[in-house]
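One letter stands for each residue in the lines below.
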Amino acid sequence: MTEPSKVIHVRNVGPEISENDLLQLVHPFGVVSKLVMLRAKNQALLQMQDVASAVSALQYYANVQPSVRGRNVYVQFSSHQELTTADQNSQGRKGDQDAQPNRILLVTIHHLLYPITVEVLHQVFSPHGFVEKIVTFQKSAGFQALIQYQSRQSAVSAINSLQGRNIYDGCCQLDIQFSNLTELQVNYNNERSRDFTNPSLPSEQKGGSSQSGYGDGGGMYPLQPPGARPVTFPQGEMPLLGMHWNRRPSWESNFFGSSRGLVGIFGFLFGLLGVRNMVSLLPLGSFIVFGTAQEQIVNYLMGNASAIAAAFGGGLPPGISGTNDRCTVLVSNLNPDEIDEDKLFNLFSLYGNIVRIKLLRSKPDHALVQMGDGFQAELAVHFLKLFLHMFNTHLFSSPEQPHILGAMLFGKRLEVNFSKYPNITPAPDTHDYSNSNLNRFNRNAAKNYRYCCSPTKMIHVSTLPQDITEEDIVTHLEKHGVIVNTKLFEANGKKQALVLFENEEQATEALVCKHASPIDGSTIRISFSQLQAI
C-alpha cells in the first residue's frame, strides 16, 4: 500500500472536468494548497494542506464512489509527498499539451449554457494578440473553436491566461490546447467562421456547411434578430477576462450611452419587449466578465431575449412577469419512492436548461432545481402551478381564470416555489446537468419557449425509429396509464407520434419516465402537446 501523503492522485479526469470540479470534490475534507492537471493523461494531483486531510478524503471515498459531472474518478495517495514548483510548471503546463506550442489554439467550451459567437471569442482572445482567423464547430466533445493568432507568442500568452477560466460566471468554461494545424482555411465570414485578414469573403449560402473539414457546422444558435448587424466595439475598450461576476452590473445610469453599434440591437429588443421585460432578462451572475456593461448586456440579450421575443410574438405569456432573477426552484410533496434526479430533469427541462438538481436527504419529499436563468425558473414555477381546471384549454390564449393547483405526479400534487438559495453548490450528492446534451434550450430555444405549457393529457414523441408502429409506442408507454388514442405521422422525413392519455397525471408520468429512453437504438424525446384532440 502507498504511504499516506498530502498529495492525492486522481485518475479518469475527463476533458469536461475542471480544476474547480476537483476542488469541490475534496473541499469538505480540507484546504487544497496546490493542484496540477495532467490533461494528456486524464489525471490530476491535488496537494492538501496536511496529511490528515488527505487521509480523511481517501477514507470517505473508499466507501463512496467519487463521481464528477457523471464520470467516475478514482483517487489514491500519490508517490509524491509534496508538489514542487517544478512539478506544477512542467507537468501542469507542458505535460498536459499533446502538441507543441504554435499559433493555432483548439478551444473546447464546457458547460455551455449561453450562446458563444465568433464575436464573443474574438473579444476573449484578442487582448493577447492579433487574431487572424476563427472557426467554430460542433463535435462529440461539444462546442469547439480554432483560434489562429498572428504569432506563436500570442497563442502562448492566451493559453497561459485563459485556460480553465469561465466566459460567463459558472459556465462556458475554456479548455484550451495547442492545435497540430499550421493554417486555418476559412471559406466564409459569418456567425460560425471569420477571417479578420480578409473581410471581403462571402457569407455562407443558406443551408450550406462552413468549414466542413473541421467539424459539423450545423446546429448552431440563432444568434441575431432579423435585420440586426453584428455589434462592433472600439479597439482598446476590452480589459482582460475576469474570473467572477457576483452582482448585477450598474448599467442603468449609463444605459443610453453613445457606444457605437448598440442602437440597432437595443432598439430592436426595446420595440419587441419593452423596457421592463428586457431588463428582466438579465439574471444575476450571467454576464460575460470583460468589456463595458453595455457590451455584457448585448452578449446575453442577443441569445436569450431574441429567442423569447420570437417565441412569444413580442410579448410574454399571461401571468409571466419577466422580472424574476431567482434561478433555483424548490419542489416539495414529491413521492420519494418514485422520484429521482433524472425524472425531475425530464420534467423541468421542458421550461429551460437545467444546471443542477439536489434531492434533500433530510426531507425526502423535497428537491432543489437550478435553472439556467430567472426567466426559465419563472416559466417552471408558473406552468407547474398553473394547472387549469378546464384541462384542455390552451394556456396562452384562454380568457378563463385559471385555478392555482399543482401538477400531479406519482399520486402527489407538486408544490413548486422559488427557493431562497440563489444556486445549488456542487457536492457529491448533487447531480450536475450543465453539460448534458439533453438540455433542450441549447438549440432551437425559440421553438422550445413557444411549446412551454402546463401538463396536458397529450404528449408529443419525436426522434422515433423509421420502422416503428403504433403498437410499439403503446407497448413502450402503456404501463404509465390508459392510452386513449395514438397517431403516428412523419414530419420533415422523421417519424413522430401523438399519444393521448386518460388524464394529465398519466401523461406526466410517461414523460418523466420515458423521455430520453431508447427504442430500437433511437433515443426518444417527449414533450407535452397543446393540441386538444387527435
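Structure shown above.
Residues numbered from 1 in each chain as written. Predicted model: local features only at pLDDT ≥ 70, side-chain atom pairs only at ≥ 80, totals over all residues. Heavy atoms only, no water.

Novice: Would you mind going over the sheet that holds strand β6 (residues 74-77) with me for this structure?
Specialist: Backbone-to-backbone hydrogen bonds join strands into a sheet, with any given pair of strands oriented parallel or antiparallel. Pairing is antiparallel across the open sheet formed by four strands, whose spatial order is β2-β3-β1-β6. The two strands at the open ends of the sheet, each matched to only one other strand, are β2 (32-38) and β6. Going across the sheet, the axis of each strand differs from the next one's by a mean of 20°, ignoring polarity. The pairing of β2 with strand β3 (residues 43-48) spans six bridges and is classified as antiparallel. Of the residues in β3, the one forming a bridge with L35 is L46. Contacts from helix α2 (residues 51-61) reach β1 (7-11), β3 and β6, with the element oriented near 140° to β6. (Pairing = 2+ DSSP bridges. Helix = DSSP H or I, 4+ residues; strand = E, 2+ residues; numbered from the N terminus. Axes fitted to C-alpha atoms, helices over the stretch in contact; angles between N-to-C directions. Contact = heavy atoms within 4.5 Å.)

Novice: Where do I start with the sheet that holds strand β25 (residues 525-528) in this structure?
Specialist: Spatial ordering of the open sheet is given by β21-β22-β20-β25, a layout of four strands whose pairing is antiparallel. For this open sheet the edge positions go to β21 (483-491) and β25, each flanked by a neighbour on one side alone. Sheet twist, expressed as the average angle between the axes of neighbouring strands with direction ignored, equals 20°. Helix-sheet contacts for helix α11 (residues 470-477) involve β20 (458-464), β21, β22 (494-501) and β25, and the interaxial angle to β21 is about 130°.

Novice: Which parts of the structure should I look at to understand the side chain of S193?
Specialist: Checked against the element boundaries, S193 lands in strand β12 (residues 193-195). The class of S193 is buried, set by a relative accessible area of 0%. Of note is the side chain of S193, whose polar atom sits 2.6 Å from the backbone oxygen of Y188. (Buried < 20%, exposed > 50% of the residue type's maximum accessible area, 1.4 Å probe, protein only. Polar contact = N/O pair within 3.5 Å; in protein donor to acceptor, adjacent residues only side chain to side chain.)

Novice: What is the right way to read a negative patch on the surface from this model?
Specialist: Side chains of D467, E470, E471, D472 and D520 sit close together on the surface and give a patch of like negative charge. Along the chain, D472 falls in helix α11. (Patch = residues over 30% accessible without salt bridge, like charges linked within 9 Å, V, L, I, M, F, W, Y side chains within 5 Å. Areas by Shrake-Rupley, 256 points an atom, 1.4 Å probe, with all protein chains shown as cover. Salt bridge = Lys/Arg side-chain N within 4 Å of Asp/Glu carboxyl O. Lys, Arg positive; Asp, Glu negative; His and termini not counted. Charge placed at Lys NZ, Arg CZ, Asp CG, Glu CD.)

Novice: Would you explain the pattern of salt bridges in this entry?
Specialist: Side-chain pairs of opposite charge can arise where the charged atoms are in close proximity. On inspection of all chains with the given rule, the structure shows nine salt bridges. Across the salt bridge formed by E132 and R103, the nearest N and O atoms sit 2.8 Å from each other. With E132 in strand β8 (residues 131-139) and R103 in the loop between α3 (85-94) and β7 (104-110), this residue pair connects regions lying 29 residues apart in the sequence. Note on R103: relative accessible area 21%, which makes it partly exposed. If you follow the salt bridges from partner to partner, you end up with R103, E132, K133 and E183 in one network.

Novice: Which parts of the structure should I look at to understand unusual backbone geometry?
Specialist: In this structure, N42 takes a positive phi of about 55° despite not being glycine. Within the secondary structure, N42 is located in the loop between β2 and β3. A relative accessible area of 32% places N42 in the partly exposed class. The phi dihedral of T463 falls on the positive side, at around 55°, and the residue is not glycine. Inspection of the secondary structure puts T463 in strand β20.

Novice: Looking at this structure, I do not really get helix α1 (residues 19-26). What am I missing?
Specialist: An α-helix turns once per 3.6 residues; consequently, residues spaced three or four apart project the same way. All buried positions along α1 are accounted for by D21, L22, L25 and V26. In a view along the axis of α1, the buried residues occupy a sector of 125°, so they form one face of it. Residues of α1 that are buried make contact with β1, β2, β3, α2 and β4 (67-68). (Arc of directions from axis to C-beta.)

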